[in-house]
Every structure is written in structure tokens, then in C-alpha cells.
Amino acid sequence: MSQYDDIIHMDRPHSKRRKMSRSDRAAQFAPFAALTGYEEEVSETARLTDERLIPDEEAYKLLDEKLEVIRKNIKRELEITVLYFVKDLRKKGGTYLYKTGIVRKINEDKRTIEFMDKENIPIDDIFSITLPDEYEDRF
């Protein structure tokens, strides 16, 4: 015989004033982020960026020649691929992206290439241009 035999089989007491749902009660014990934003900061620090490469004089000359081919054949709606640099807004460096599309126009004032999908790429950020095969063979 135990000293608790008289109460061991009783129902647990229920408050008549406080009635909390199971989900609200469970929420009290849910994990929380002690350091808000910590995971985002760690991810941002771990994210790598590329260093911007500066083309040499020969590469600049080649880019100028390819831009001239595009200018002269703008009505032929050439599909080109450009490799260009996008500066990172948070860290030093950035990333290189490829864009393939049909050139709509070259804006000399803004120094951009405008594609048919209205995307503009600054000429100064372009690292390389690949023309269609019949034009690329000249280079």
C-alpha cells in the first residue's frame, strides 16, 4: 500500500477559468530563434562572389568588332550570347551571367544592348560575346 493510493487513479484537475486549446498549449513549447537573423547572416557570409575580370586590349578590340557586326546586322535579328558581370549589392565582387537572345538595338547613349525581351545589358559589363556560327567564324 502506497501513501498515494487514494489519489493515483483520480482524473487530473481542469481549470474552469483557463481553457487553452491543445495547439495553443503546444505553441508554448515550440522552438524559437534566440538569435533572430543569425541563419541569414551565416548564409550571406558563406555565399561566394566572383572577382570582376578586366579584359585585356585584345579582348576589348574583339568585343568592339563583334559589336560592330551586331550594329551592321541589326535588322537580321541576330541571336547572340553574352557573358556579363553583375555587381553584388551586399558584398565585394559579383557574379557572371549568360544571356542569350535576339538583339533589338544597341543604345549608344546609355551604352547598353537591348534584347527583344526588353532586358538591357550594359556594354561595359560584357566580358564576351558569342555570335551565330556564320559570323563567329570570322573571329
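Just so you know, these numbers come straight off a predicted model, no measurement behind them. (Residues numbered from 1 in each chain as written. Predicted model: local features only at pLDDT ≥ 70, side-chain atom pairs only at ≥ 80, totals over all residues. Heavy atoms only, no water.)

Asker: Go over the overall build of the protein chain, please, and point to the residues and values.
Answerer: For the protein chain, the count of helices and strands is 4 helices and 5 strands. Going from the N terminus to the C terminus, the protein chain shows its helices and strands as α-α-α-β-β-β-β-β-α. In terms of overall dimensions, the protein chain is more spread out than a globule: its C-alpha atoms have a radius of gyration of 32 Å, far above the 14 Å expected for 139 residues. A principal-axis box enclosing the C-alpha atoms of the protein chain has dimensions of 100 × 30 × 30 Å. Burial statistics for the protein chain: of 139 residues in total, 24% are counted as buried. In the protein chain, the share of contacts with a sequence separation of at least 24, taken over all contacts with a separation of at least 6, comes to 52%. Of the charged side chains in the protein chain, 26 are positive and 30 negative, and the gap between their average positions amounts to 9 Å. (Helix = DSSP H or I, 4+ residues; strand = E, 2+ residues; numbered from the N terminus. Rg over C-alpha atoms; globule rule 2.2 N^0.38 Å. Buried < 20%, exposed > 50% of the residue type's maximum accessible area, 1.4 Å probe, protein only. Contact = heavy atoms within 4.5 Å. Lys, Arg positive; Asp, Glu negative; His and termini not counted. Charge placed at Lys NZ, Arg CZ, Asp CG, Glu CD.)

Asker: Tell me about the sheet that holds strand β3 (residues 112-115), and please be specific about residues and values.
Answerer: Backbone-to-backbone hydrogen bonds join strands into a sheet, with any given pair of strands oriented parallel or antiparallel. Read from one edge of the open sheet, 5 strands run β4-β3-β2-β1-β5, paired in antiparallel fashion. Each edge of the sheet is formed by a strand with only one pairing partner; in this case those strands are β4 (120-122) and β5 (126-130). Ignoring strand direction, the axes of neighbouring strands in this sheet form an average angle of 40°. Across the face of the sheet, helix α3 (residues 57-72) comes into contact with β1 (79-87), β2 (94-107), β3 and β5 while running at roughly 50° to β5. (Pairing = 2+ DSSP bridges. Axes fitted to C-alpha atoms, helices over the stretch in contact; angles between N-to-C directions.)

Asker: Let's hear about the packing of aromatic side chains: which residues, and what values?
Answerer: All told, the structure shown has 2 aromatic pairs when counted by the stated rule. Ring plane angle 70° and centroid distance 5.9 Å describe the contact between Tyr96 and Phe127, whose orientation is recorded as edge-to-face. With Tyr96 in strand β2 and Phe127 in strand β5, the pair connects residues that are 31 residues apart, well separated along the chain. With a relative accessible area of 29%, Phe127 lands in the partly exposed category. Taken together, the ring pairs in this structure connect Phe85, Tyr96 and Phe127 into an aromatic cluster. The residue whose ring lies beneath Lys99 is Phe115, and the NZ or CZ to ring-centre distance is 5.2 Å. (Phe/Tyr/Trp six-rings, centres within 6.5 Å; stacked < 30°, edge-to-face > 60°. Lys NZ or Arg CZ within 6 Å of the ring centre and 35° of its normal.)

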